[in-house]
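# Commentary on secondary and tertiary structure
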Amino acid sequence: MDPLALYVLDLAEPDPARSLRRADPRAAVLTATDLSATRGDGVFETVMVVDGVPQALEPHLDRFERSARLLDLPAPRRDVWRHAVLAAAAEVGALRRRAAIKFVLSRGDEAGDGTPTGWLLGFAPARPAGPLTEVDVVLLDRGYRHDVATTSPWLLQGAKTLSYALNMAALREARRRGADDVIFVSSDGFVLEGPSSTVIARIDGVYVTPPVDVGILPGTTQADLFEGLRADGRKAATRRLTVPELLRADALWLCSSTRGAAAVRSVDGAPCPVDRDVTARMQRHLDERTA
Ligand code: PLP
């Protein structure tokens with residue numbers, strides 16, 4: 001990761017323009033008592049910036065608000081965060097054609113007055129090129145049933161929290177098994193998501209992604225890809241997907257903001273057909289977005 005720009009937000013300041021303070025991108029701006037650091041207690045988003053334009057900004061802001069709601073955090077003020085992302089995007093856009101912005105809302109400082117902490121980091125993402133746009137995946141059991149978000153909302157499934165240690169551990173497990181990435185499945189056999197991506201499977205000619213009610217994030221990249229697929233005259237559906245269905249899919253993708261669409265070439269060591277033509281069209285559709 002190559003940090004390019006850093007902004008700290010004063011979330012007690014009513015005026016969006018005055019709430020933003022620019023900092024050195026490598027400066028230390030958090031206290032050791034910030035709850036983001038001590039408990040991973042906060043939410044975040046990562047948005048791609050192409051030619052200075054943040055991609056799918058409003059859906060990212062929607063998801064940010066949704067995550068904050070799930071964690072009982074104070075509702076992020078959309079005008080403040082939009083203004084901040086646009087300011088950071090203009091700065092990183094002048095430095096790189098393709099960059100990313102991670103924006104974070106923490107519950108605040110344990111030793112403070114309860115005001116949340118907010119910051120944005122613009123950076124150049126490592127964009128996997130060549131073979132890594134095709135990935136070998138393993139299925140890993142997330143250990144929760146598909147209805148966990150309803151039965152046990154305190155487990156925060158479906159919120160984009162700062163607690164990604166589990167997701168990183170799953171990726172290390174994939175590497176131990178000789179793979180690049182993971183598709184999580186529920187303990188009762190439903191397909192969920194990757195540790196940092198949404199799953200799209202093509203089954204009997206229909207592009208399918210699991211619904212958020214199985215305790216996963218609403219994917220902004222997947223939503224844009226479905227729009228592109230439908231505009232191309234293809235069928236796309238959001239519905240529950242079982243593991244046997246996934247294993248007979250005639251093509252599979254993992255998609256996310258920073259990576260775009262990566263074709264899956266094997267699942268648990270079994271080859272999965274790769275549709276390079278559709279993958280390239282998907283990538284093109286993402287690259288041609290203007291917002
Ligand atoms: N699911 C998880 C757990 C993620 O962390 C991410 C993104 O990082 C996604 C799905 C894909 O979301 P998006 O396409 O909005 O980047």
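Residues numbered from 1 in each chain as written. Predicted model: local features only at pLDDT ≥ 70, side-chain atom pairs only at ≥ 80, totals over all residues. Heavy atoms only, no water.

If you tally the helices and strands in the chain, you get eight helices and 14 strands. In terms of overall size, the chain behaves like a compact globule, its C-alpha atoms giving a radius of gyration of 19 Å where 291 residues would be expected to give roughly 19 Å. Dimensions of the chain, computed from C-alpha atoms along their principal axes, come out at roughly 55 × 40 × 35 Å. Classification of the 291 residues of the chain by burial places 53% in the buried group. Long-range pairs, those at least 24 residues apart, make up 70% of the contacts in the chain between residues at least 6 apart in sequence. Of the accessible surface of the chain, which amounts to about 13100 Å², a share of 53% is contributed by carbon and sulfur atoms. For the chain, the distance from the average position of its 37 positive side-chain charges to the average position of its 39 negative side-chain charges is 3 Å. (Helix = DSSP H or I, 4+ residues; strand = E, 2+ residues; numbered from the N terminus. Rg over C-alpha atoms; globule rule 2.2 N^0.38 Å. Buried < 20%, exposed > 50% of the residue type's maximum accessible area, 1.4 Å probe, protein only. Contact = heavy atoms within 4.5 Å. Areas by Shrake-Rupley, 256 points an atom, 1.4 Å probe, with all protein chains shown as cover. Lys, Arg positive; Asp, Glu negative; His and termini not counted. Charge placed at Lys NZ, Arg CZ, Asp CG, Glu CD.)

In this section: the pattern of salt bridges. Under the counting rule described, the total for this entry stands at 27 salt bridges. Here Asp-41 and Arg-107 are joined by a salt bridge, their closest N and O atoms 2.6 Å apart. In this pair, Asp-41 sits in the loop between helix H1 (35-39) and strand S3 (42-50) while Arg-107 sits in the loop between strand S5 (98-106) and strand S6 (117-124), placing the two residues 66 residues apart along the sequence. Residue class for Asp-41 comes out buried when judged on its relative accessible area of 18%. (Salt bridge = Lys/Arg side-chain N within 4 Å of Asp/Glu carboxyl O.)

Moving on, we get to helix H8 (residues 276-287). The end-to-end C-alpha distance of H8 is 16 Å, a good match for the 16 Å that twelve residues give at a rise of 1.5 Å each. Buried residues of H8: Val-278, Thr-279, Met-282, Gln-283 and Leu-286, and no others. Angular distribution of buried residues about the axis of H8 spans 140°; they occupy a single face of the element. Along its buried surface, H8 packs onto strand S9 (198-203), strand S10 (206-209), helix H6 (220-231), strand S12 (251-256) and strand S13 (260-267). (Expected span 1.5 Å × (residues − 1). Arc of directions from axis to C-beta.)

Computed from the structure, the second largest pocket encloses a volume of approximately 260 Å³. Lining the second largest pocket we find 17 residues, and of these Asp-34, Asp-109, Thr-115, Pro-116 and Thr-117 sit closest to its centre. Among the secondary structure elements, those contributing two or more residues to the lining of the second largest pocket are strand S1 (2-9) and S6. Classifying every residue of the lining of the second largest pocket gives eight nonpolar, five polar and four charged. (1 Å grid on protein atoms, 1.4 Å probe; cavity = no way out; pocket = protein on both sides within 12 Å on 5 of 7 lines; lining within 4 Å. Points joined across faces, edges and corners; volume = space filled by probe spheres on them. Nonpolar A, V, L, I, M, F, W, Y, C, P; charged D, E, K, R; others polar.)

Counting residues in hydrophobic clusters, the biggest one holds 28 residues, and the most contacted among them are Trp-81, Ile-101, Phe-103 and Leu-120. Among the secondary structure elements, those contributing two or more residues to this core are S1, S3, helix H2 (57-70), helix H3 (78-95), S5 and S6. Top contributing element to this core by residue count: H3, with seven residues. Counting residues in hydrophobic clusters, the runner-up holds 20 residues, among them Val-199, Val-243, Leu-252 and Cys-272. (Core = buried A, V, L, I, M, F, W, Y, C linked by side-chain atoms within 4.5 Å.)

Take Ser-186: it is sitting in the loop between strand S8 (181-185) and S9. With relative accessibility at 2%, the residue Ser-186 sits in the buried group.

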